[in-house]
Amino acid sequence: MRNKRAEVLVNNVIFLVLNLIVLSILIGFIYIKGNSAIVLEQSYAKNIALLIDSSKPVMEMKLNMEQAFNLAERNKIPFWEIVKIEGNVVSVKLSSRSGYQYSFFTNFDVTIYPDIPPNKNYIIKINGYK
Amino acid sequence: MLNKKSGKLLSLYWFAIITLTAGGVFVMVYLFYGAPYDVREIESHILMNQVADCVSYLGRINPDLISGGVVSSNSENFLESCHLNFSSIEWEREQFYAEVTFYQLADLDNSFFEIKKGNSDFVSECNIQGKEKYNNLVQCREGSFYSVDELNNQYIIKILTAVRKTEKNVK
């Protein structure tokens with residue numbers, strides 16, 4: 001009788017542990033995928049390009065990039081190297097192995113730089129026309 | 001004995017269900033995050049707004065385009081004067097198209113003046129994009145508004161914009 005109960009308990013524990021393992025792998029996978037450098041780089045690059053396209057000189061915009069700053073810190077990417085603008089292309093880099101570029105169509109003279117720490121923002125300045 | 005067996009079978013059954021569900025969620029998450037964000041519709045909308053702001057401001061047509069009822073010669077440099085740049089180092093071919101058509105209010109059947117800039121191949125794709133939306137084709141936006149020139153001649157201005165950038169927006 002005692003043996004039988006112990007067997008049922010062990011079976012249930014194994015079943016529970018297996019379920020927990022599967023669920024934690026699943027949650028981990030969703031978290032990693034949702035916060036991956038590739039997803040964030042694309043999202044921020046497109047966001048910044050669209051912000052520039054819809055702006056007018058002389059505008060100054062502050063973009064909250066907390067998630068990007070945290071990921072860049074983990075991947076040892078300096079804050080001032082996260083976003084760069086060359087010509088009319090926005091580049092966002094959050095890890096040493098990745099990076100994403102997206103172009104904008106307006107001919108603006110744009111300056112972009114990180115906010116003063118501990119603020120995790122980027123400041124986008126539309127200085128004028130080129 | 002029967003209870004024990006059925007209990008084991010039930011556990012295995014539940015585990016199989018959970019594994020299948022987890023597998024399904026894996027596939028959905030992978031597909032969701034694997035597909036790029038499609039921002040072309042917003043982009044073509046923004047392009048249309050920028051073009052409209054350049055063509056007419058505060059209800060008056062830009063005198064660089066139509067002045068005193070006459071088409072200005074400056075209209076040739078439409079992109080430069082509107083501070084737009086359709087070429088980019090990112091793409092070999094231009095990924096944008098903008099078309100502005102002016103109609104005089106007295107004669108809406110015939111266009112008074114047209115400006116076409118960018119990759120004109122996109123026009124045919126815009127015509128295909130009707131009620132059904134095809135993601136692999138260019139995303140187009142069409143709009144029209146009323147404006148007057150310096151001599152109060154009245155115009156209806158139609159704008160068509162198109163954005164391709166398919167490789168960066170569609171899987």
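Quick notes on the rules
- Residues numbered from 1 in each chain as written.
- Chains lettered and ligands numbered in written order.
- Predicted model: local features only at pLDDT ≥ 70, side-chain atom pairs only at ≥ 80, totals over all residues.
- Helix = DSSP H or I, 4+ residues; strand = E, 2+ residues; numbered from the N terminus.
- Rg over C-alpha atoms; globule rule 2.2 N^0.38 Å.
- Pairing = 2+ DSSP bridges.
- Domains from an automatic or database assignment.
- Expected span 1.5 Å × (residues − 1).
- Buried ≥ 20, exposed ≤ 12 C-beta atoms within 10 Å, placed from the backbone.
- Axes fitted to C-alpha atoms, helices over the stretch in contact; angles between N-to-C directions.
- pLDDT = per-residue confidence, 0-100.
- Arc of directions from axis to C-beta.
- Contact = placed C-beta atoms within 7 Å.

## Section: the overall build of chain A
Inference 1: Along the backbone of chain A there are three helices and six strands.
Inference 2: Ordered by position from the N terminus, the helices and strands of chain A form the series α-α-β-α-β-β-β-β-β.
Inference 3: Against the compact-globule benchmark of 14 Å for 130 residues, chain A has a radius of gyration of 23 Å, which places it well outside the compact range.
Inference 4: When the backbone C-alpha atoms are referred to their principal axes, chain A occupies close to 85 × 30 × 25 Å.

## So, the pairing of strand S6 (residues 121-129) of chain A
Residue and element names in this part refer to chain A.
Inference 1: Examined bridge by bridge, strand S1 (residues 59-64) and S6 share six bridges and lie antiparallel to one another. Bridge pairing in S6 places Leu63 opposite Tyr122.
Inference 2: For strand S5 (residues 108-114) and S6, the ladder comprises seven bridges, and the chain directions are antiparallel. Bridge assignment links Val110 to a residue of S6, and that residue is Ile126.

## Here's the deal with the domain arrangement of chain B
Inference 1: The assigned domain composition of chain B is domain 1 (1-34) and domain 2 (38-169).
Inference 2: Taken over C-alpha atoms, the centre of domain 1 of chain B sits 54 Å from the centre of domain 2 of chain B.

## Regarding helix H2 (residues 37-53) of chain A
All names here are of chain A.
Inference 1: Between its terminal C-alpha atoms H2 stretches 24 Å, which fits the 24 Å expected from 17 residues at 1.5 Å a residue.
Inference 2: Counting buried residues along H2, 12 of its 17 residues qualify, which places the element largely inside the surrounding structure.
Inference 3: Among the residues of H2, Ala37, Val39, Leu40, Glu41, Gln42, Tyr44, Ala45, Lys46, Ile48, Ala49, Ile52 and Asp53 are the ones counted as buried.

## What about the domain arrangement of chain A?
Inference 1: Under the domain assignment, chain A is made up of domain 1 (1-34) and domain 2 (37-129).
Inference 2: On a C-alpha basis, the centres of domain 1 of chain A and domain 2 of chain A stand 43 Å from each other.

## Concerning the sheet that holds strand S3 (residues 89-92) of chain A
Residues and elements named next belong to chain A.
Inference 1: Strand order across the open sheet formed by three strands is S2-S3-S4, with antiparallel pairing between neighbours. Looking at which strands have only one partner, the edges of the open sheet turn out to be strand S2 (83-86) and strand S4 (100-103). Direction aside, neighbouring strands of the sheet carry axes that sit 20° apart on average.
Inference 2: Note that S2 and S3 share four bridges and pair antiparallel. Bridge pairing links Ile85 to Val90 in S3.

## A short note on the confidence of the model for chain A
Inference 1: With 98% of its residues at a pLDDT of at least 70, chain A reaches an overall mean of 90.
Inference 2: Summarising per-element confidence for chain A, the mean pLDDT is lowest in helix H1 (residues 2-34) of chain A (80) and highest in S3(A) (96).

## Overview of the pairing of strand S8 (residues 154-163) of chain B
Residues and elements named next belong to chain B.
Inference 1: Judged by how many residues are buried, S8 sits mostly within the fold: seven of 10 residues are covered.
Inference 2: Direction of pairing for strand S5 (residues 96-104) relative to S8: antiparallel, over a ladder of nine bridges. Residue Glu99 lies in a different strand from S8, and its bridge partner there is Leu160.
Inference 3: Pairing geometry for strand S7 (residues 139-148) and S8, over 10 bridges, is antiparallel.

## Overview of helix H3 (residues 66-74) of chain A
All names here are of chain A.
Inference 1: For H3, every residue scored as buried is listed here: Ala68, Phe69 and Ala72. Down the axis of H3, the smallest arc covering the buried residues is 100°, so these residues share one side. Residues Glu66 and Arg74 are exposed on H3 and point more than 90 degrees away from its buried face.
Inference 2: Just beyond H3, the residue with positive phi is Lys76, at close to 60°.

## Observations regarding the environment of A:Ala45
Residues and elements named next belong to chain A.
Inference 1: Inspection of the secondary structure assignment puts Ala45 in helix H2.
Inference 2: Accessibility expressed as a C-beta count within 10 Å gives 23 for Ala45, which makes it buried.
Inference 3: Setting aside its immediate chain neighbours within four residues, Ala45 contacts Val90, Val92, Tyr100, Gln101 and Tyr102.

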